[in-house]
Amino acid sequence: MLLLCNYYVTYRCNAYCDFCHFGDHSKFKNTKFADLNDYHNNVKQIAKLGVKFLDLTGGEPLLHKNIVEMVEFANSLKLQTSITTNGLLYNKYAERLAGKVNLLHFSLDSPDEAIHNKIRGVDCFKSVINSIELAKSLGEFPDILFTVTNETYESLPGMYQLALKYNLVLIVNPVFSYFGNPGLSDHAIEYIENYIKGKSQIYLNQAYLELRKNGGNKREKPLCKAVSRVIVISPDNEIILPCYHFGNEKIKIDRPIREIRSSERINELMKMEGRFDFCEGCTVNCYFEPSFAFPTNRYGLISLPSKIRYSYQKLIKQKFIFKNNTEQANVKK
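Bear in mind the structure is a predicted one, so any value in this text is a computation, not a measurement.

Caption draft 1: Main features of the overall build of the protein chain. Assigned secondary structure in the protein chain consists of 13 helices and 10 strands. Considered along the principal axes of its C-alpha atoms, the protein chain spans approximately 65 × 45 × 40 Å. For the protein chain, the proportion of its 333 residues judged to be buried stands at 53%. Restricting to contacts in the protein chain with at least 6 residues of sequence separation, those with at least 24 account for 72%. Total accessible area computed for the protein chain in this model is approximately 15300 Å², and 52% of it derives from carbon and sulfur atoms.

Caption draft 2: View of a nonpolar patch on the surface. Residues Leu301, Leu304 and Ile308 make up a contiguous nonpolar surface patch of roughly 270 Å² in combined accessible area. Note that Ile308 resides in helix H13 (residues 298-332). By relative accessible area, Ile308 is classed as exposed at 57%.

Caption draft 3: Structural view of the nonpolar core. In terms of nonpolar packing, the biggest core is built from 98 residues, with Tyr7, Leu54, Leu56 and Leu170 touching the most fellow members. Residues in contact with Leu54, not counting those within four places in the same chain, are Cys5, Tyr7, Tyr39, Val43, Ile46, Ala74, Leu79, Gln80, Thr81 and Ser82. In terms of nonpolar packing, the next biggest core, distinct from the first, is built from six residues, Leu145, Val169, Tyr203 and Tyr310 among them.

Caption draft 4: Molecular detail of the pattern of salt bridges. Evaluated as defined, the whole model comprises 12 salt bridges. Taking the shortest distance from any N to any O, the salt bridge between Arg120 and Asp109 comes out at 2.5 Å. Here Asp109 lies in the loop between strand S4 (103-107) and helix H5 (113-120) and Arg120 lies in helix H5, a separation of 11 residues in the sequence. For Arg219, the salt bridge goes to Asp277, with nearest N and O atoms at 3.2 Å. Linking Arg219 in the loop between helix H9 (206-213) and strand S8 (230-233) with Asp277 in the loop between helix H11 (264-272) and helix H12 (285-291), this pair joins segments that are 58 residues apart in sequence.

Caption draft 5: Spatial organisation of H5. The set of residues buried in H5 consists of His116, Asn117, Ile119 and Arg120. Buried residues of H5, viewed axially, fall in a sector of 160°; they line one side. Away from its buried face by more than 90 degrees, H5 exposes Ala114 and Lys118. Structurally, H5 contributes buried residues whose contacts are with S4 and helix H6 (125-137). One side-chain oxygen at the N-terminal end of H5 lies 3.0 Å from the backbone nitrogen of Ala114; it belongs to Asp112. Phi for Gly121, located one or two positions after H5, is positive at around 70°.

Caption draft 6: Looking closely at helix H3 (residues 67-76). Within the span of H3, buried status applies to Ile67, Val68, Met70, Val71, Phe73 and Ala74. Lining the buried residues of H3 we find helix H2 (36-48), strand S2 (53-57), strand S3 (80-85) and helix H4 (90-97). Looking at the residues trailing H3, positive phi occurs at Lys78, about 65°.

Caption draft 7: Spatial organisation of the state of the cysteines. If you walk through the whole model with that rule in mind, you get zero disulfides. With no disulfide of its own, Cys5 has Cys286 as its nearest cysteine by sulfur position, at a separation of 13 Å. Look at Cys5 and you get buried, because its relative accessible area is 0%.

Caption draft 8: Looking closely at the packing of H3 against H4. Axis separation between H3 and H4 bottoms out at 10 Å; the angle between their running directions is 30°. Judged by the inter-axis angle, H3 sits roughly parallel to H4. Judged by the twist between their axes, the crossing of H3 over H4 is right-handed. Of the residues in H4, those touching H3 at Ile67, Val68 and Val71 are Tyr93, Arg96 and Leu97. The class makeup of the residues in the contact of H3 with H4 is five nonpolar, no polar and one charged.

Cut-offs applied
Residues numbered from 1 in each chain as written. Predicted model: local features only at pLDDT ≥ 70, side-chain atom pairs only at ≥ 80, totals over all residues. Heavy atoms only, no water. Helix = DSSP H or I, 4+ residues; strand = E, 2+ residues; numbered from the N terminus. Buried < 20%, exposed > 50% of the residue type's maximum accessible area, 1.4 Å probe, protein only. Contact = heavy atoms within 4.5 Å. Areas by Shrake-Rupley, 256 points an atom, 1.4 Å probe, with all protein chains shown as cover. Patch = residues over 30% accessible without salt bridge, like charges linked within 9 Å, V, L, I, M, F, W, Y side chains within 5 Å. Salt bridge = Lys/Arg side-chain N within 4 Å of Asp/Glu carboxyl O. Core = buried A, V, L, I, M, F, W, Y, C linked by side-chain atoms within 4.5 Å. Arc of directions from axis to C-beta. Polar contact = N/O pair within 3.5 Å; in protein donor to acceptor, adjacent residues only side chain to side chain. Disulfide = S-S within 2.5 Å. Axes fitted to C-alpha atoms, helices over the stretch in contact; angles between N-to-C directions. Parallel < 35°, antiparallel > 145°, perpendicular 65-115°, else oblique. Left-handed = near helix turned anticlockwise from the far one by under 90°. Nonpolar A, V, L, I, M, F, W, Y, C, P; charged D, E, K, R; others polar.

Take it as geometry only, folks, not as evidence of what the structure does.
Written out as structure tokens, the structure is:
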């Protein structure tokens, strides 16, 4: 059952993050942007196939000149959308995106301006803070997304205080091992787990930590549903399989996606999901979130409390506060 589409609208980025392979601009500077007509055709098809959630990703998704139209089209099909941005271009699109992106995430790597800018390889700390303030002025409730590495996990208390300052949820995104990058150490995982206990306005799927402590995905008893629940589409109008991070096969979308998805090759890949050599020990968050979407195993059950808390913060508490603030502002007028 397809749930999620990771749609890479571009591989280009305007930052040089040291933990992300998109930060190596030499590899991606000449790559194309997703064609808008292809996007329309593909998204219409995946909606009919059952996809509920569309992650417009990159690279830096706001580098795509048609990003607003992409969000609006997804909205017209009743798809939930998410965008994660470094904030450098948010002011260019803020008003046109307001109220249209279900999950708007601003990436921030440290509460310290100099450290954040060093990690990003570009002066963008002020852009993130300004973007948060602008988004909130437009009635948005973005999240602060903190990609935690072995070098930055001790910044978690400062990041939490920053989230509290703006009454936002802090999403703790543990860096995972891929493309030769190491994942979090056991000590870092223990530190994070101990710190987040009992704290509101922090989202971290507890199942991720449990998965990491247990050594990640096991080929003999796989947990990953990267092929059956996720579809990954590239800017080159290709389906990447079995997943982007370890993708070794690309299928051009030159016929209906339903036909591609029902092909013998896709069925073979579904049988192999989580069982490839590179699947051993995998902890890539992008695929284990939908893999744990249903409480069909203990990881799915473990993930439920954190998801419920996040939903409360996003859908109830923050909107209630916004409503009160709006009513108070109207009274003052």
